[in-house]
Amino acid sequence: MKNKAEQRAYYRLVRAKLAAEKKLQYDQAISNKLTHLIEQKSLVAIYAALPNEIDLKELSIKNLLLPKMQADKTLKFYAASEKLKLNEKYGIYEPIGVTELTPEVIICPMLAFDLAKNRLGYGGGFYDRSFKIYHNALKIGVAYAVSQADLVVTDCNDVSLDYIVTEQQVIS
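Worth saying up front: this structure is predicted, and the values here are computed from it rather than measured.

**Student:** So what exactly am I meant to see when it comes to the overall build of the chain here?
**Tutor:** Check the secondary structure of the chain and you find 3 helices and 11 strands. Secondary structure of the chain in N-to-C order comes out as α-α-β-β-β-β-β-β-β-β-α-β-β-β. Per-residue burial for the chain yields a buried fraction of 45% across its 172 residues. In the chain, the proportion of contacts linking residues at least 24 apart, taken out of those at least 6 apart, comes to 65%. Carbon and sulfur atoms form 50% of the exposed surface of the chain, whose accessible area is close to 9200 Å². Positive and negative charge centroids in the chain, built from 23 and 20 side chains respectively, lie 3 Å apart.

The following block contains the structure:
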């Protein structure tokens, strides 16, 4: 696949074909691996999962944060205990919070990855811009093993991850 658009289309289909019972099993395995990886961290940013994304509801970490999209296409993070509101433009739930918190860890969804820890996101660049702002935060991507590409197409705006966690392994 020559470009990001082709890769996105392909890996959306791959992820959509994952059977529901396998998805639940894999989500639990990923949450368990993540818990062991970051159990000493106190402010961990996750995301409100879309239907085909990895659901991290089983993550055993106390102080979870959720992202809120900003007009400048970056993310700010607020306590996950805040009330949520649907962002109708993107179809995701965001916190209504007013007190921004600085995450020690940012866990992000992705459509695909490669062993160089490159991430193929959805194309908005929100996480890449935010990784540059929260440059001290540990950057962890989560994906199903079937989403591993030989090579993810990248450009100068893409930020590689510190770790990738799948149901099968932790890539560091």
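**Student:** I'm lost on a nonpolar patch on the surface in this one. Help?
**Tutor:** On the surface, L84, L86 and Y93 cluster together to form a nonpolar patch covering roughly 270 Å² of accessible area. Position of Y93 among the secondary structure elements: in strand β5 (residues 92–95).

**Student:** What is the right way to read a positive patch on the surface from this model?
**Tutor:** A cluster of basic residues, K73, K89, R129 and K132, forms a positive patch at the surface. As for its placement among the helices and strands, K73 is situated in the loop between β2 (64–69) and β3 (75–79). Relative accessible area serves as the criterion here: at 39%, K73 is assigned to the partly exposed category.

**Student:** Honestly, helix α2 (residues 20–38) in this entry has me stumped. Any pointers?
**Tutor:** In an α-helix, one turn spans 3.6 residues; hence positions three or four apart end up facing the same way. Here α2 is 19 residues long and its end C-alpha atoms lie 27 Å apart, about the 27 Å a rise of 1.5 Å per residue gives. Those residues of α2 lying buried are K23, Y26, D27, I30, S31, L34, T35 and I38. Taken together, the buried residues of α2 touch β1 (44–45), β6 (105–109), β9 (138–142) and β10 (163–165).

Reading guide: rules and limits
- All residue numbers here refer to positions counted from 1 along the written sequence of the relevant chain.
- For this predicted model, a pLDDT threshold of at least 70 governs which residues receive local features, and a threshold of 80 or more governs which side-chain atom pairs are given and counted, while totals over whole chains, interfaces and linings are taken from all residues.
- Only hydrogens and water are removed before side-chain values are computed, so all heavy atoms of the structure are retained for them.
- Strands are runs of DSSP state E lasting at least two residues, helices are runs of H or I lasting at least four, and both sets are numbered from the N terminus onward.
- A 1.4 Å probe rolled over the protein chains alone gives each residue an accessible area, and that area as a share of the maximum for its type sets the label: buried under 20%, exposed over 50%, partly exposed in between.
- The contact rule is simple, with two residues in contact once any of their heavy atoms fall within 4.5 Å.
- In these tables, accessible area is a Shrake-Rupley quantity obtained with a 1.4 Å probe, and a residue counts as shielded only by the protein chains included in the view.
- Neither His nor the chain ends contribute to the count of charged residues, in which Lys and Arg are positive and Asp and Glu negative.
- Where a charge lies is defined by one atom per residue type: Lys uses NZ, Arg uses CZ, Asp uses CG and Glu uses CD.
- Like charges within 9 Å and nonpolar side chains (Val, Leu, Ile, Met, Phe, Trp, Tyr) within 5 Å are joined into patches, using only residues over 30% in relative accessible area that form no salt bridge.
- Any Lys or Arg side-chain nitrogen found within 4 Å of a carboxyl oxygen on Asp or Glu counts as a salt bridge.
- Multiplying 1.5 Å by the residue count of a helix minus one yields the expected span of that helix.

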